[in-house]
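A structural walkthrough
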Amino acid sequence: VTVIDVRVRLGLEKRPADSDSMGVTVEHQNELYTLLVDAVGDVVGLSADSHEENPGTLDPLWREFANGVYRLEEALMVVLDVERLLDLRQ
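The structure presented is a predicted model; accordingly, all values stated were derived computationally and were not measured.

Comments concerning the overall build of the protein
- Within the protein one finds three helices and six strands.
- Helices and strands appear in the protein in the N-to-C order β-α-β-β-β-α-β-β-α.
- Along the three orthogonal principal directions, the C-alpha set of the protein runs to about 35 × 30 × 25 Å.
- Relative to its full complement of 90 residues, the protein shows a buried share of 24%.
- Taking the contacts inside the protein whose residues are at least 6 apart along the sequence as the reference set, 36% of them involve residues at least 24 apart.
- Total accessible area on the protein stands at roughly 6600 Å², and carbon and sulfur atoms take up 49% of it.
- Side-chain charges of the protein comprise 8 positive and 18 negative groups, with the mean position of each set lying 7 Å from the other.

Observations regarding unusual backbone geometry
- Residues other than glycine seldom take positive phi values, yet Gln 29 does so here, at roughly 50 degrees.
- The topology assignment puts Gln 29 in the loop between β2 (22-28) and β3 (31-37).
- With a phi close to 65 degrees, Asn 30 is a non-glycine residue in the positive phi region.
- Examined against the element boundaries, Asn 30 turns out to sit in the loop between β2 and β3.

Here's the deal with the sheet that holds β3
- The three strands are arranged β1-β3-β2 in an open sheet whose pairing can be described as mixed. At either end of the open sheet lies a strand with only one pairing partner, and these are β1 (2-5) and β2. With strand direction ignored, the average angle separating the axes of adjacent strands in the sheet is 30 degrees.

Regarding the sheet that holds strand β5 (residues 66-71)
- Here three strands make up an open sheet; going across it, the order is β4-β5-β6 and the pairing antiparallel. Each edge of the sheet is formed by a strand with only one pairing partner; in this case those strands are β4 (51-52) and β6 (76-80).
- Direction of pairing for β4 relative to β5: antiparallel, over a ladder of two bridges. The partner of His 51 across the bridge, within β5, is Tyr 70.

Some thoughts on the side chain of Arg 9
- For Arg 9, the position within the fold is in helix α1 (residues 6-9).
- Nearest to the buried, unbridged Arg 9 among oppositely charged side chains is Glu 64, at 6.0 Å.
- There is a polar contact of 2.9 Å between the side chain of Arg 9 and the backbone oxygen of Asp 87.

Rules behind the numbers
Residues numbered from 1 in each chain as written. Predicted model: local features only at pLDDT ≥ 70, side-chain atom pairs only at ≥ 80, totals over all residues. Heavy atoms only, no water. Helix = DSSP H or I, 4+ residues; strand = E, 2+ residues; numbered from the N terminus. Buried < 20%, exposed > 50% of the residue type's maximum accessible area, 1.4 Å probe, protein only. Contact = heavy atoms within 4.5 Å. Areas by Shrake-Rupley, 256 points an atom, 1.4 Å probe, with all protein chains shown as cover. Lys, Arg positive; Asp, Glu negative; His and termini not counted. Charge placed at Lys NZ, Arg CZ, Asp CG, Glu CD. Pairing = 2+ DSSP bridges. Axes fitted to C-alpha atoms, helices over the stretch in contact; angles between N-to-C directions. Salt bridge = Lys/Arg side-chain N within 4 Å of Asp/Glu carboxyl O. Polar contact = N/O pair within 3.5 Å; in protein donor to acceptor, adjacent residues only side chain to side chain.

Structure, rendered in structure tokens:
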């Protein structure tokens, strides 16, 4: 299984060696990949009506991997395109 650190793909600081992380395994083109993430939050159901295009203020690197956003009560949730995250040629 190939492990991809999502923090590295998004241009964020590397996580400290002693910090917790989680692996989310996905299948893409009959191959398994594990996305290394900081944490997995709640599962929420969102209406397609509340989906918005990427805002112009979104970091350009994040925009490359994002499929849009949802505005939550106290946060902006960026929807990542897993297929683009797995394209290691980028």
